[in-house]
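Here is what each chain is made of, one letter per residue.
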Amino acid sequence: VQENERRQLARSLHDNLGQMLTSINTDAFHIARHAEDAEIRKTARQISASAQQIFDANHEILLKLRPSELDALGLEAALEELTTFRQKHSGIKCVLHADHGIDRLGEEHAIAVYRLVQEGLTNIGKHAQASRVRVALDLRPEMPEASLPPRRWLALTIEDDGCGAVANGKVNGSGLGLVGMRERAMALGGQLDIIRIERGFKLQALIPFAAPAE
């Protein structure tokens, strides 16, 4: 229900606010180009710059609500957009390695994985004092069990070179970020672990999903 509400709100913001900002920017650009008065041209350029700032803020809100790429282009494209945005606004280098097969995940799994990466990058940006983050998504072979339908496994790894995102197995601050991430993984029958590495921390989630019919 929450994801459906987010989708509807994101679509409304994208369609309505996006179009209005584009219109304002176009009008301001036209005035700045053709007005004879220097002060009017200066004001028009300021309006255009303000419209662009609002557009960027709206884009960030859309990423938090529901990335349009997730529905239009798939999970891999949405994660590419997310990591690029985080790198641009946090200054932390974000590297994404994704198995192209992740776009075959169902909607429930796709949005859960997107939220896991989103929350992980947010925690790192706030607390880890990291300079580099690596996000990897790999599809592992089926692990058949006699009494269960065939399943495959998605291995998600978020690894950073920082020192502050995790302390004693908990996210700094309230710790609610890690709790929510574990709950998402567990809701899909998976698990999530935090592992200390030589330089930084590694968050690792293993999530099962139904093997698609060939």
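This one's a predicted model, so the numbers in the text were calculated from it and none came from an experiment.

Thresholds, definitions, all that
Residues numbered from 1 in each chain as written. Predicted model: local features only at pLDDT ≥ 70, side-chain atom pairs only at ≥ 80, totals over all residues. Heavy atoms only, no water. Helix = DSSP H or I, 4+ residues; strand = E, 2+ residues; numbered from the N terminus. Contact = heavy atoms within 4.5 Å. Areas by Shrake-Rupley, 256 points an atom, 1.4 Å probe, with all protein chains shown as cover. Axes fitted to C-alpha atoms, helices over the stretch in contact; angles between N-to-C directions. Parallel < 35°, antiparallel > 145°, perpendicular 65-115°, else oblique. Nonpolar A, V, L, I, M, F, W, Y, C, P; charged D, E, K, R; others polar. 1 Å grid on protein atoms, 1.4 Å probe; cavity = no way out; pocket = protein on both sides within 12 Å on 5 of 7 lines; lining within 4 Å. Points joined across faces, edges and corners; volume = space filled by probe spheres on them. pLDDT = per-residue confidence, 0-100. Pairing = 2+ DSSP bridges. Buried < 20%, exposed > 50% of the residue type's maximum accessible area, 1.4 Å probe, protein only. Expected span 1.5 Å × (residues − 1). Polar contact = N/O pair within 3.5 Å; in protein donor to acceptor, adjacent residues only side chain to side chain. Left-handed = near helix turned anticlockwise from the far one by under 90°. Lys, Arg positive; Asp, Glu negative; His and termini not counted. Salt bridge = Lys/Arg side-chain N within 4 Å of Asp/Glu carboxyl O.

**Student:** Would you mind going over the overall build of the protein chain with me for this structure?
**Tutor:** Helix and strand counts for the protein chain come out as six helices and seven strands. When the helices and strands of the protein chain are read in sequence order from the N terminus, they spell out α-α-α-α-β-α-β-β-β-β-α-β-β. Within the protein chain, residue pairs in contact and separated by at least 24 positions form 67% of the contacts whose partners lie at least 6 positions apart. Carbon and sulfur atoms form 51% of the exposed surface of the protein chain, whose accessible area is close to 12600 Å².

**Student:** Explanation requested: the packing of helix α4 (residues 75-90) against helix α5 (residues 107-128) in the structure shown.
**Tutor:** The angle between the axes and the distance between the axes are what describe a pair of packed helices. Relative to each other, α4 and α5 sit at 10°, their axes nearing to 10 Å. One element, α4, and the other, α5, form an angle in the roughly parallel class. Mapping the contact onto sequence places Leu75, Ala78, Leu79, Leu82, Thr83 and Arg86 in α4 and Ala110, Val113, Tyr114, Val117, Gln118, Leu121 and Thr122 in α5. When the residues that make up the contact of α4 with α5 are grouped by side-chain class, the tally is nine nonpolar, three polar and one charged.

**Student:** I would appreciate a short explanation of the layout of surface pockets in the present structure.
**Tutor:** To find leftover empty space, one rolls a probe the size of a water molecule over the atoms. In this model, the largest pocket occupies a volume close to 290 Å³. Lining the largest pocket are 16 residues, with Ala10, His14, Leu62, Arg66 and Ser68 sitting closest to its centre. Those elements giving two or more residues to the lining of the largest pocket turn out to be α1 (2-34), α2 (38-65) and α3 (68-72). Here the lining of the largest pocket gets six residues from one element, more than from any other, and that element is α1. Within the lining of the largest pocket, the residues separate by chemical class into five nonpolar, five polar and six charged.

**Student:** Sorry if this is basic, but what is going on with the confidence of the model for the protein chain here?
**Tutor:** Close inspection of predicted coordinates is inappropriate in any region flagged by low pLDDT. When pLDDT is averaged along the protein chain, the result is 82; 87% of the residues meet or exceed 70. At the level of individual helices and strands, the protein chain shows its lowest average pLDDT in strand β5 (residues 170-171), which scores 46, and its highest in strand β1 (residues 93-98), which scores 94.

**Student:** Would you mind showing me how to read the pairing of strand β2 (residues 132-140) here?
**Tutor:** Of the pairings in the sheet, the one linking β1 to β2 comprises six bridges and is parallel in character. Note that in β2 the partner of Leu96 across the bridge is Val135.

**Student:** Got a minute to help me understand the environment of Gln204 in this structure?
**Tutor:** In this structure, Gln204 sits in strand β7 (residues 200-210). Accessibility expressed as a relative area gives 27% for Gln204, which makes it partly exposed. Considering only alpha carbons, one finds Gln204 and Ala155, 49 residues apart in sequence, at a separation of 7.2 Å. Ignoring any residue separated from it by four or fewer positions in sequence, one finds Gln204 in contact with Leu156, Thr157, Gln191, Leu192, Asp193 and Ile195.

**Student:** Mind showing me how you'd approach α2 here?
**Tutor:** The α-helix winds at 3.6 residues per turn, so residues separated by three or four positions along the chain end up facing the same way. Between its terminal C-alpha atoms α2 stretches 41 Å, which fits the 40 Å expected from 28 residues at 1.5 Å a residue. Within the sequence span of α2, burial applies to Ala44, Ala51, Asn58, Leu62, Leu63 and Leu65. With a side-chain oxygen positioned 2.8 Å from the backbone nitrogen of Glu39, the residue opening α2 is Asp37.

**Student:** Would you mind showing me how to read the packing of α1 against α2 here?
**Tutor:** Interhelical geometry of α1 versus α2 gives an angle of 165° and a closest axis separation of 9 Å. Between α1 and α2, the crossing angle belongs to the class labelled roughly antiparallel. Here α1 runs over α2; the crossing is left-handed.

**Student:** What should I look at first to understand the side chain of Glu76 in this one?
**Tutor:** Looking at the secondary structure, you find Glu76 in helix α4. Within the buried set, Glu76 has no salt-bridge partner at all; the shortest N-O distance to an opposite charge, 12 Å, is to Arg104. Those residues in contact with Glu76 that lie beyond four places of it in its chain are Leu96, Ala98, His100, Ile102 and Asp103.

**Student:** How should the side chain of Gln118 be read in this particular structure?
**Tutor:** Within the fold, Gln118 resides in helix α5. Ignoring any residue separated from it by four or fewer positions in sequence, one finds Gln118 in contact with Leu63, Lys64, Leu82 and Arg86.

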